[in-house]
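Here are the chains, one letter per residue:
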Amino acid sequence: TLYVFRFTLINPVRAQTARQVQVSLKSGGRCPWNLSACVMDVPALAELQPITVFCPRFVYATVVQSTPFPCELNTLTVSFSTNIWLAPLASITLSGLLGSGTVDTPVIQVISQSKDGASASNTFVSNSIWTRQEGVLVVALNGNTVTAGTNAGSVYAFQFTLRNPASAQIGQSVTSSSDGLTSRVASSPLVPGVA
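Below or above, wherever it landed, is the structure these notes cover. (Residues numbered from 1 in each chain as written. Predicted model: local features only at pLDDT ≥ 70, side-chain atom pairs only at ≥ 80, totals over all residues. Heavy atoms only, no water.)

With that settled, consider the overall build of the protein. Of the regular secondary structure elements, the protein holds 0 helices and 12 strands. Ordering the α and β elements of the protein from the N terminus gives β-β-β-β-β-β-β-β-β-β-β-β. Within the protein, the proportion of its 195 residues that are buried is 31%. Counting contacts in the protein only where the partners sit at least 6 residues apart, residues at least 24 apart contribute 65% of the total. Within the structure as shown, the protein displays about 12500 Å² of accessible surface, and the carbon and sulfur contribution to it stands at 58%. (Helix = DSSP H or I, 4+ residues; strand = E, 2+ residues; numbered from the N terminus. Buried < 20%, exposed > 50% of the residue type's maximum accessible area, 1.4 Å probe, protein only. Contact = heavy atoms within 4.5 Å. Areas by Shrake-Rupley, 256 points an atom, 1.4 Å probe, with all protein chains shown as cover.)

Our focus in this paragraph is a nonpolar patch on the surface. Judged by side-chain polarity, Phe-5, Phe-7 and Leu-9 come together as a nonpolar surface patch covering roughly 420 Å² of accessible area. Tracing the backbone shows Phe-7 in the segment before strand E1 (22–26). (Patch = residues over 30% accessible without salt bridge, like charges linked within 9 Å, V, L, I, M, F, W, Y side chains within 5 Å. Salt bridge = Lys/Arg side-chain N within 4 Å of Asp/Glu carboxyl O.)

What follows is about the layout of surface pockets. Volume-wise, the largest pocket comes out at about 920 Å³. What lines the largest pocket is a set of 26 residues, among which Phe-5, Arg-6, Phe-7, Val-21 and Met-40 lie closest to the centre. Looking at the lining of the largest pocket, the elements that each hand over two or more residues are E1 and strand E2 (34–39). Its residues placed into classes, the lining of the largest pocket shows 17 nonpolar, 6 polar and 3 charged. (1 Å grid on protein atoms, 1.4 Å probe; cavity = no way out; pocket = protein on both sides within 12 Å on 5 of 7 lines; lining within 4 Å. Points joined across faces, edges and corners; volume = space filled by probe spheres on them. Nonpolar A, V, L, I, M, F, W, Y, C, P; charged D, E, K, R; others polar.)

Right, let's get into the packing of aromatic side chains. The final tally for this structure, using the stated rule, is 6 aromatic pairs. Residues Phe-80 and Tyr-156 carry aromatic rings whose centres are separated by 6.3 Å and whose planes lie at 35° to one another, so their mutual orientation is tilted. Placement of Phe-80 in strand E4 (residues 73–82) and of Tyr-156 in strand E9 (residues 156–163) is noted, with a sequence separation of 76 residues between them. Like Tyr-156, Phe-80 is buried. (Phe/Tyr/Trp six-rings, centres within 6.5 Å; stacked < 30°, edge-to-face > 60°.)

The subject of this paragraph is the pairing of E4. With respect to burial, E4 is a largely interior element, 7 of its 10 residues being buried. Two elements, E4 and E9, share 8 bridges in a ladder whose sense is antiparallel. If you follow Leu-76 over to E9, its bridge partner there is Phe-160. (Pairing = 2+ DSSP bridges.)

We now examine the nonpolar core. Counting 24 residues, the largest nonpolar core has Phe-80, Leu-94, Leu-97, Phe-124, Leu-137, Phe-158 and Phe-160 as its most contacted members. Counting residues per element, this core draws most heavily on E9, which supplies 4 residues. When residues no more than four places from it in sequence are discounted, the contact partners of Leu-97 are Leu-76, Trp-130, Gly-135, Leu-137, Phe-160 and Val-174. (Core = buried A, V, L, I, M, F, W, Y, C linked by side-chain atoms within 4.5 Å.)

With that settled, the discussion passes to the pairing of strand E6 (residues 105–113). Looking at chain direction, E6 and strand E7 (residues 127–131) are connected through 3 bridges and run antiparallel. Following the sheet pairing, Ile-108 is matched in E7 by Ser-128. Judged from the 4 bridges that link them, E6 and E9 form a sheet pairing that is antiparallel. Opposite Gln-113, over in E9, you have Ala-157 as the bridge partner.

In this fold, Ser-100 is placed in the loop between strand E5 (91–95) and E6. With a relative accessible area of 7%, Ser-100 lands in the buried category. Separated by 3.0 Å, the side chain of Ser-100 and the backbone nitrogen of Thr-102 make a polar contact. Setting aside chain neighbours within four positions, we find Ser-100 in contact with Trp-130, Arg-132, Leu-162, Arg-163 and Pro-165. (Polar contact = N/O pair within 3.5 Å; in protein donor to acceptor, adjacent residues only side chain to side chain.)

If you want it as structure tokens, here you go:
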């Protein structure tokens, strides 16, 4: 007879490889006996091996602009997915947005987007912090989102608008990072595109 049971554990925050899992059996009753411990078989695919935890990272990250014309208001759309749950109020930092004509402001508007590009629920705080000289935008997850955070593997998106500079410049290398309160997601270059 094959016996199967299931239980749930919470993975640690830090990455680790699978551990060797052993099984043993102890019988009770009138005729007690023991089965010695043996090493259990594990799947060949690493992500299915017990308590294997990957390094927190961006699985997907992209940024697309609406216009390349000088002095125009340029709407940038950022989409990303992480392999880790991000807690409410976690911050997403975009860096490398150099040369913008938009002055420093703590109230640049951010609009949450759904996967199809439509305006979505308030996943992100609507007012974010922009620092022109460093080319950095800091966006926070809303503290009272319905999901109370993000789900690992889900795609999230938001838009914001900056003014293009008066003179020509080549596309910038934009980097994203996140402090998910439970773990720091490594910086990841965003893939540029044009809408």
